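Descriptive structure summary
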Amino acid sequence: MNEVRVRFAPSPTGFLHIGGVRTALFNWLFARHEGGTFILRIEDTDRDRSTDDAIQVILDGLKWTGLNWDEGPFRQTDRLELYRERAMDLLKRKLAYWCICTPDELEARRKEAQAKGESIKYDGRCRHRGVSEPAEPAALRFLTPQEGQTIVNDRIKGQIVFDNTVMDDLIILRSNGYPTYNFSVVVDDGLMNITHVIRGDDHVNNTPRQVPLFSAMGFSVPQFAHLPMILGSDKARLSKRHGATSVLAYKEMGYLPEALINYLVRLGWSHGDQEIFSIQEMVEFFDFKQVQASAAVFNPEKLRWVNAQYIRNSDPKQVADVLMPFLQSAGYDDAVLARIPGGAEALIPPLRERSETLLDLVQGAVPYLSEPMTMDEDAAKKHLTLSIAPSLQAFADQVEAEADFSKEVLEGILHGIIERQGLKMGKVAQPLRVALTGRTVSPGIYEVMALLGKERSLQRIRSGLERTMNA
RNA sequence: GUCCCCAUCGUCUAGCCUGGCCUAGGACGCCGGCCUUUCAAGCCGGCAACACGGGUUCGAAUCCCGUUGGGGACGCCA
């Protein structure tokens with residue numbers, strides 16, 4: 001029984017986007033499910049567009065998601081000698097030939113063919129030129145079989161049949177000596193003993209070009225699984241136009257990595273009606289049989305919902321930990337947090353029912369962290385009126401006189417006032433809320449007061465009282 | 001243009017392989033209600049789909065063909 005070996009092979013020409021993470025995730029899930037090996041390989045053979053920064057961003061993004069790799073990261077530019085050797089071997093065996101057509105010429109011919117409505121595949125004019133020692137820089141082309149069919153048994157799409165006549169003699173070595181994607185991929189997948197190639201289905205058409213290369217170099221052909229694309233709301237391929245594309249942008253927007261992963265795994269994969277999965281469950285249940293063959297539209301609303309589920313159901317301590325950097329960058333340091341009885345962790349339970357992201361949590365925490373508090377003028381005008389002043393006054397006096405600041409005591413005091421004045425709870429609670437938080441929306445009054453502590457609660461009610469006098 | 005893939009509520013999907021259990025289920029969102037100190041959360045309910053046309057069959061969302069629609073690929077990018 002062969003050990004499963006899969007790889008995620010991003011190219012460092014940009015950041016790690018959502019689609020890339022999904023591809024990495026499915027590779028990782030399959031590897032973990034099978035007890036196999038997950039390899040990270042950086043495909044940086046486009047030396048014009050690949051950058052070290054981009055590699056770092058990909059690594060950072062992947063680390064944030066928690067998709068840990070077992071081998072690598074390998075860089076193809078560290079392995080150039082390997083590709084060259086293999087290419088020269090193909091040349092020696094007459095399975096490859098030098099092509100002296102220039103990129104400009106090829107481009108012109110393609111345009112012309114397109115205009116005439118003809119096939120735009122390479123016409124093979126260097127095939128029989130027999131160039132042995134090119135004087136000029138030349139590219140090396142693979143002599144692609146033109147007869148018969150190439151059949152791919154895709155784990156997701158099923159059987160796919162290609163007529164070999166549509167296949168080009170693809171370039172395997174550029175005139176600058178660098179290998180092209182379709183070649184380096186095959187050499188690496190072969191050399192690294194990759195058993196399953198799991199990638200986006202934009203690569204389906206590359207598969208019949210790669211299969212003959214595996215065979216020509218004596219590698220066994222891996223199994224393929226082509227994942228459906230992720231689309232934007234306009235059903236076009238997900239891109240910058242659809243908002244954040246870098247995973248790290250989601251980190252900054254206050255999403256938890258587990259939530260993003262959970263959302264992404266359900267984009268194209270399912271396990272009955274289950275929506276929320278622990279990582280262990282995903283690994284246990286993952287199966288290509290349940291992977292969708294069709295593309296999926298990325299739905300930010302649902303991502304928010306999933307994130308909310310995680311924020312609500314995670315341990316408050318852990319949420320507080322990931323929230324810290326957000327609080328810091330909002331200008332709230334440890335000294336500010338120390339004002340809250342119970343610290344940052346105490347903020348989580350009352351606030352998380354109303355928060356879908358960590359950013360929402362920060363916004364919700366503002367009234368308890370900021371001093372002085374910002375008062376919503378409209379709210380003050382509406383609720384801090386003269387008629388409510390006696391109730392607020394009585395409440396403040398009684399709370400101050402009471403040593404115990406527990407919810408039960410506060411509740412008793414407030415209910416007593418309501419009964420005596422013959423008021424409804426809402427009549428008093430809203431003004432109190434506005435006085436305490438400066439807002440009309442907040443957690444329950446007693447939770448708010450617990451976060452504020454006795455001193456600040458009383459001080460805020462009193463300054464609210466002052467406003468009722470001036471109203 | 002050529003090649004390839006895909007097609008169930010607005011979106012993610014279950015069901016399809018192994019036709020009948022489907023009056024097509026769940027989730028997000030939306031609408032309404034309950035709860036209620038606000039807003040949420042929670043609970044209850046509602047709207048909403050088998051792209052179309054032919055077959056095959058006693059019977060088709062499920063199998064076959066076609067049409068239409070969508071996506072992808074056709075680089076000395078990956």
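This report concerns the structure included in the present document. Here the structure is a predicted model, which means the values were calculated and not measured. Per chain, residues are indexed from 1 in the order of the written sequence. Each chain gets a letter, beginning with A, and each ligand a number, beginning with 1, in the order they are written. Side-chain atom pairs in this predicted model are given and counted only at pLDDT of 80 or more, local residue features only at pLDDT of at least 70, and totals for whole chains, interfaces and linings cover all residues. Just so you know, side-chain values use all the structure's heavy atoms and leave hydrogens and water out.

Some remarks on the pairing of strand S10 (residues 223-227)
Formally: Three exposure classes are used, based on accessible area relative to the maximum for each residue type with a 1.4 Å probe and protein chains only: buried under 20%, partly exposed in between, and exposed over 50%. Starting at the N terminus, helices and strands are each numbered in turn, a helix being any DSSP run of H or I of at least four residues and a strand any DSSP run of E of at least two. A crossover counts as right-handed when, viewed with the strands pointing away from the observer, the path leading from the first strand over the helix to the second turns clockwise.
Counting buried residues in S10 gives four out of five residues, a clear majority hidden from the surface. The parallel pair strand S9 (residues 196-200) and S10 is bridged by helix H6 (residues 207-216), and the resulting crossover is right-handed.

Some remarks on the layout of surface pockets
Rules: In the cavity and pocket records, a cavity denotes points on a 1 Å grid over the protein atoms alone where a 1.4 Å probe fits but cannot get out, a pocket denotes an open set with protein on both sides within 12 Å along at least 5 of 7 lines, and lining residues are residues with an atom within 4 Å of a point. Grid points are joined across faces, edges and corners, and a volume is the space filled by probe spheres set on the points. By the convention adopted, Pro, Cys, Tyr, Trp, Phe, Met, Ile, Leu, Val and Ala count as nonpolar, Lys, Arg, Asp and Glu as charged, and the other residues, Gly among them, as polar.
Of the volumes computed, that of the largest pocket is approximately 1,200 Å³. When residues of the lining of the largest pocket are traced back to their parent elements, those giving at least two are strand S1 (5-8), helix H1 (18-34), helix H5 (181-191) and S9. No other element matches H1, which puts five residues into the lining of the largest pocket. Taken together, the residues of the lining of the largest pocket sort by class into 14 nonpolar, 16 polar and ten charged. Taken as a whole, the second largest pocket encloses approximately 640 Å³ of empty space. Surrounding the second largest pocket, 32 residues form its lining, Leu106, Arg110, Tyr122, Arg141 and Ile171 being those nearest its centre. Going through the elements one at a time, helix H4 (103-116) and strand S5 (139-142) are the ones with two or more residues in the lining of the second largest pocket. If you tally residues by element for the lining of the second largest pocket, the top one is H4, at seven residues. Taken together, the residues of the lining of the second largest pocket sort by class into 13 nonpolar, five polar and 14 charged.

A short note on the environment of Ala225
Put simply, the rule is: Only heavy atoms enter the contact rule, under which two residues are in contact if any of them lie within 4.5 Å.
Its place among the elements puts Ala225 in strand S10. Beyond its immediate chain neighbours, meaning those up to four positions away, Ala225 contacts Asp154, Arg155, Ile156, Val197, Ile198, Arg199 and Phe288.

Quick notes on the packing of aromatic side chains
To keep it simple, the criterion reads: Ring geometry is summarised as follows: Phe, Tyr and Trp rings, the Trp one being its six-membered ring, pair when their centres sit within 6.5 Å, and such pairs are stacked at plane angles under 30 degrees, edge-to-face over 60 and tilted between the two. The rule for a charge over a ring is simple: NZ of Lys or CZ of Arg within 6 Å of the ring centre, and within 35 degrees of the ring normal.
What the rule picks out here adds up to nine aromatic pairs. Arranged with centres 5.5 Å apart and planes meeting at 75°, the rings of Phe286 and Phe288 form a pair that is edge-to-face. For the pair Phe286 and Phe288, a shared accessibility class is recorded, and that class is buried. Positioned above the aromatic ring of Phe26 is the side chain of Arg22, whose terminal nitrogen or guanidinium carbon lies 5.3 Å from the ring centre. Seen from the ring of Tyr122, Arg141 lies directly overhead, with NZ or CZ sitting 3.4 Å from the centre.

What about the sheet that holds strand S2 (residues 37-42)?
The line we're drawing: Note on pairing: two strands pair once DSSP finds at least 2 bridges between them. Here an angle of 0 to 180 degrees is reported between the N-to-C directions of two axes, which are lines fitted to C-alpha atoms, with helices fitted over the stretch in contact.
Judged by pairing direction, the sheet is parallel, and its three strands sit side by side in the order S1-S2-S3 without closing on themselves. Each of the sheet's edge strands pairs with one partner strand only, and the pair in question is S1 and strand S3 (71-75). Between one strand axis and the next, the sheet turns through 25° on average, direction left out of account. Relative to S1, H1 is tilted by about 165°, and along the sheet it contacts S1 and S2.

Overview of the protein's contact with RNA strand B
Using the following cut-off: In these notes, residues near a molecule or strand are those with any non-hydrogen atom within 4 Å of it. As used in this structure description, the phrase polar contact means that two N or O atoms lie within 3.5 Å; if the pair is within protein, one of them must be able to donate a hydrogen and the other to accept it, and residues adjacent in sequence are counted only when both atoms belong to side chains.
For RNA strand B, the set of nearby residues contains 61 residues, the closest of which are Arg174, Gly268, Glu353, Arg354 and Ser442. Considering the 4 Å shell around the protein, atoms of RNA strand B inside it are sugar or phosphate in 71% of instances. At a separation of 3.3 Å, a sugar or linking oxygen of RNA strand B approaches a polar backbone atom of Thr440. Between RNA strand B and the protein, one listed contact pairs a base nitrogen with a backbone N or O atom of Ser442 at 2.5 Å. Listed by contribution, the elements that provide at least two residues to the surface near RNA strand B are H4, strand S7 (158-163), strand S12 (296-297), helix H10 (300-313), helix H18 (425-437) and helix H19 (445-470). Here the surface near RNA strand B gets five residues from one element, more than from any other, and that element is H18.

Considering the packing of H1 against helix H8 (residues 257-265)
Quick note on the threshold: By definition in this entry, angles of less than 35 degrees are roughly parallel, angles greater than 145 are roughly antiparallel, angles of 65 to 115 are roughly perpendicular, and the rest are oblique.
Between H1 and H8, the least distance of the axes is 10 Å, while the angle of their chain directions is 85°. With respect to each other, H1 and H8 are oriented roughly perpendicular. Contacts between H1 and H8 involve Ile18, Val21, Arg22, Leu25, Phe26 and Leu29 from the first element and Leu260, Ile261, Leu264 and Val265 from the second. The class makeup of the residues in the contact of H1 with H8 is nine nonpolar, no polar and one charged.

As for the sheet that holds strand S4 (residues 96-99)
Taken in spatial order, the three strands line up as S4-S5-S8 in an open sheet, and their pairing is antiparallel. Two strands in the sheet have a free side with no partner beyond their single neighbour: S4 and strand S8 (171-173). Pairwise comparison of adjacent strand axes, ignoring direction, gives a mean angle of 45° for this sheet. Relative to S5, S4 runs antiparallel, the two sharing four bridges. By the bridge assignment, Trp98 is partnered in S5 with Leu140.

With respect to the pairing of S5
With burial as the criterion, each face of S5 is covered, one bearing Ala139 and Arg141 and the other bearing Leu140 and Phe142. Two elements, S5 and S8, share two bridges in a ladder whose sense is antiparallel. Looking at S8, one finds that Leu140 is bridged to Leu173.

Section: unusual backbone geometry
Here the amide bond leading from Gly72 into Pro73 is cis, since omega sits at 5°, within 30 degrees of zero. Relative to the helices and strands, Pro73 resides in strand S3. In the Ramachandran plot, Lys94 falls in the positive-phi region, its phi being about 60° despite a non-glycine side chain. Tracing the sequence through the fold places Lys94 in the loop between helix H3 (80-92) and S4. On the basis of relative accessible area, Lys94 is assigned to the exposed category, the value being 67%. One non-glycine residue with positive phi stands out, namely Lys235, at about 65°. With respect to the helices and strands, the residue Lys235 is situated in the loop between strand S11 (230-231) and helix H7 (247-252).

Limitation: the analysis is restricted to geometry and does not speak to function.
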